[in-house]
Every structure is written in structure tokens, then in C-alpha cells.
Amino acid sequence: MTQTTLPSTPGTPGTSPAPLPAVQVSGVTKDFGDVHAVRGIDLTLEQGEIVAFLGPNGAGKTTTIDLVLGLSQPTTGSVEVLGLHPRQAISRGLVSAVMQTGGLLKDLSVRETVAYTASLFADTAPVDQVLRTAGIEAIADRKVGRCSGGEQQRLRFAMALLPDPALLLLDEPTTGMDVEGRRAFWSAIRADAAQGRTVLFATHYLEEADQYADRIVLISHGRIVADGTGSQIKALAAGRTVRATLPGADATALAALTALPGVESVDVRGEAVYVHARDTDAVARHLLVSTPAHDLEITTRGLEDAFLSLTGDDDNDTITPTTTTITEVPA
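All values reported here derive from a predicted model rather than from experimental measurement.

Rules and cut-offs
- Residues numbered from 1 in each chain as written.
- Predicted model: local features only at pLDDT ≥ 70, side-chain atom pairs only at ≥ 80, totals over all residues.
- Heavy atoms only, no water.
- Salt bridge = Lys/Arg side-chain N within 4 Å of Asp/Glu carboxyl O.
- Helix = DSSP H or I, 4+ residues; strand = E, 2+ residues; numbered from the N terminus.
- Buried < 20%, exposed > 50% of the residue type's maximum accessible area, 1.4 Å probe, protein only.
- Polar contact = N/O pair within 3.5 Å; in protein donor to acceptor, adjacent residues only side chain to side chain.
- Contact = heavy atoms within 4.5 Å.
- Pairing = 2+ DSSP bridges.
- Axes fitted to C-alpha atoms, helices over the stretch in contact; angles between N-to-C directions.
- Parallel < 35°, antiparallel > 145°, perpendicular 65-115°, else oblique.
- Left-handed = near helix turned anticlockwise from the far one by under 90°.
- Nonpolar A, V, L, I, M, F, W, Y, C, P; charged D, E, K, R; others polar.
- Core = buried A, V, L, I, M, F, W, Y, C linked by side-chain atoms within 4.5 Å.

### A closer look at the pattern of salt bridges
Item 1. Scanning the entire structure with this criterion turns up 13 salt bridges.
Item 2. Between Glu207 and Arg182 there is a salt bridge; the shortest N-O distance is 2.5 Å. With Glu207 in helix α7 (residues 206-212) and Arg182 in helix α6 (residues 179-193), the pair connects residues that are 25 residues apart, well separated along the chain.
Item 3. Using a relative accessible area of 43% as the deciding quantity, one classes Glu207 as partly exposed.
Item 4. With relative accessibility at 14%, the residue Arg182 sits in the buried group.
Item 5. In this structure, Glu264 engages Arg278 in a salt bridge whose closest nitrogen and oxygen atoms are separated by 3.3 Å. Taken as a pair, Glu264 in strand β11 (residues 263-269) and Arg278 in the loop between β12 (272-277) and α10 (280-290) lie far apart in primary sequence, 14 residues in all.
Item 6. Owing to a relative accessible area of 38%, Glu264 belongs among the partly exposed residues under this scheme.
Item 7. Linked by salt bridges that have partners in common, Glu49, Arg215 and Asp227 make up one network.

### Here's the deal with the side chain of Thr291
Item 1. Within the secondary structure, Thr291 is located in the loop between α10 and β13 (294-300).
Item 2. Here Thr291 falls in the buried class, since its relative accessible area comes to 17%.
Item 3. Among the polar contacts listed, one links the side chain of Thr291 to the backbone oxygen of Leu287, at a separation of 2.5 Å.
Item 4. Those residues in contact with Thr291 that sit more than four places away from it in its chain are Leu246 and His286.

### Side note on helix α1 (residues 61-68)
Item 1. Among the 8 residues in α1, 6 count as buried, and that is most of the element.
Item 2. Of the residues trailing α1, Gly70 is marked for its positive phi of about 75 degrees.

### Brief notes about the sheet that holds strand β4 (residues 76-81)
Item 1. Strands sit in the order β2-β1-β4 across an open sheet of 3 strands; the sheet is antiparallel. The open sheet terminates on both sides in strands that have one partner only, identified here as β2 (35-45) and β4. The sheet shows a mean angle of 25 degrees between the axes of neighbouring strands, taken without regard to direction.
Item 2. With 8 bridges connecting them, strand β1 (residues 23-32) and β2 associate as antiparallel partners. Bridging across to β2, Asp31 finds its partner in His36.
Item 3. The strands that α1 touches are β1, β2 and β4; relative to β1, the one it contacts most, it runs at about 120 degrees.

### Examining the packing of helix α3 (residues 110-118) against helix α5 (residues 149-161)
Item 1. α5 packs onto α3 with a crossing angle of 30 degrees between their chain directions and a minimal axis gap of 9 Å. Comparing their axes, α5 and α3 come out roughly parallel. Crossing angle aside, the handedness with which α3 passes α5 is right-handed. From α3, Val110, Thr113, Val114 and Thr117 reach across to α5, where they touch Leu155, Ala158 and Met159.
Item 2. Its residues assigned to classes, the contact of α3 with α5 comprises 5 nonpolar, 2 polar and no charged.

### Focus on the nonpolar core
Item 1. Counting 49 residues, the largest nonpolar core has Leu54, Val114, Phe157, Ile216 and Leu218 as its most contacted members.
Item 2. Counting residues per element, this core draws most heavily on α5, at 6 residues.
Item 3. Setting aside its immediate chain neighbours within four residues, Val114 contacts Val127, Val130, Leu131, Leu155, Ala158, Met159 and Leu162.
Item 4. Judged by nonpolar contacts, the second largest core, of 29 residues, contains Leu45, Leu82, Ala89 and Ile219.

### So, the pairing of strand β3 (residues 50-54)
Item 1. Burial analysis of β3 places 5 of its 5 residues in the buried class, which makes it a mostly covered element.
Item 2. Side chains of β3 alternate between two faces, with Ile50, Ala52 and Leu54 and Val51 and Phe53 buried alike.
Item 3. Bridging between β3 and strand β7 (residues 198-202) involves 4 bridges; their strand directions are parallel. Its bridge partner lying in β7, Phe53 is registered against Ala202.
Item 4. Pairing analysis gives 4 bridges linking β3 to strand β8 (residues 215-220), with the strands arranged parallel. Of the residues in β8, the one forming a bridge with Ala52 is Ile216.

Here's what the structure looks like:
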């Protein structure tokens, strides 16, 4: 993969051309009648990044991806892909997408499917090369109809690689895959991205975002609410969790825990009690001194906690939340 660059500025000899952003979304809104799907998004993806796009159902993820693919036009604002209108970038083979579903001819073999797709382009990568990159070279002669869901999704990945795109978009690419299929798919994606391709993916699997993305963008109600690395996003979920075994926990004991300063919630699962709090030292001290609790442990809150706390606000057209863009991990 090679970076797409801007021309050198006249009068500045020796200056290296600046790489164009892979994606530049500026002040974008998208309305469908009275439905405000996207409510003002500013987003820049640099070339070579792997970026996860997370949000609850209806948050605006797929609508934003459709805008980047040129399948829809913004109501206001602009979208550029490598400095071009999305349709121009796609016509030049700079963008490919792997969607949740897509028509595959079940009676063709894997190799025949890729070869047929290659025949639709003027210039493509070799068929054997994309089969190898996608990790499906060993099943090249298998009929598509006999491939698992994960294998069919890797086939779509191979097809998307044919024009050697600079930007690859994945919309819920591992929906319906088993654990092994998801692991194999992401192994192929990660190895390919290491060559310099930009990858933007939307997923409901938070562990995928945490494990494979260089950067996570959280969207809620059509607005970006946080943007940073996995560890930075997780750090935004204030507080930690105290887990302890508390035999015979009754309403009085739980009320005492809930009344402690900084306690946000108390959950009981059998004999285990989970206390989410900003001051976990006070919780631990109370449990060890004032209750028969034992086997106590304190853990930081995870990506799921951050996701819920940052995207769980009730919808309100009069609220314009501030995007949390992180440049360093909060202390």
C-alpha cells in the first residue's frame, strides 16, 4: 500500500507532501423526514489507522458509513475520501466495503467468485493473492453454498481487496460468526491492515473494538461522544468495581453499601456482591471491617461500562453533548 499525498506546496523545495486524510467528515447532518439520524459529526481518519465505530442500535453508525460510501448524501456538511467526493474515490478503486450480507452465487466456487468479480475491474490484484490474504486459499475450490458464514465473510473480504483499496469499510462484518470464525477473520484483517490500509469498522462486539482497533469512536443519537484509544475510552468510565463474597447479604447490608460516599450501584449475584464506586477504598474498608465479606478484589471498569455510561443518555433534540476527544490517558 502507498499513501495518497497532496502535491508539494510551490516555493517550499524539499518539503515532503502531506498525506491526505483517509476520511474527512465536516459538520455532517443527515435527516430522513423528521428523523435526525446524524446530528453534526466532525471526524478525521488518517491513512493507516484501524478505527472502530461503536454505538447502540439507531445511533447513526450505518448512516455515517453510507455517507462515506457515497450511498447517501448529507443534509448539511461535507464528506471527503482521500480528498475526493466519495463516489469519485470509489470509481478510482480507492474504497471497498464488506457489509453484513451480500449476494453470493452459491453454485460457484470461492475461486470462481473472486475471478468473476475481478473481471468487472480494469485492474485488480491477482486472484491467488487476495485468496491468500483473506485466508481462504485452502478452500478455493469449495462451492460458496458449502462455506460457513465466517468463510463467506472472508470471501467478501477477498473480493473487496481486488482493487487494492486505500480505505476498507466493514459494517458489522462478523455478525453470525462463531468464535473461531471471528478470530480467523480478524487475523486476516489485521495482517492486511499492517501493510498500510485504512480500516473503519462498525461492530456490536466491544471486545473486537478493544482488541483490534487503534482508535475507538463512540456515537450516540447521531453525535460523536468520545474518540480515543481503547484504554482512554475505558478510563472515561469513572470509578472502579469492588467484588466480594458476602454470605447472607440482606437488605440492611445492601442499604449500608448503597449509602457509602461515591457508590453508584450495588449488584448481588448469589453470594457475590459487586459495588461500582468512585471511592473503592471506602467500600473495601467497609466490607472488611463491618461485614463478613471475604475474597475481595478491585478491578477497573471496562469498555462495556464506558460504552453504557457514554451512550446511555436519553434522546433529547435540545441537547448538544460535547465530544470527548482524548489526547492522553486521564489520571
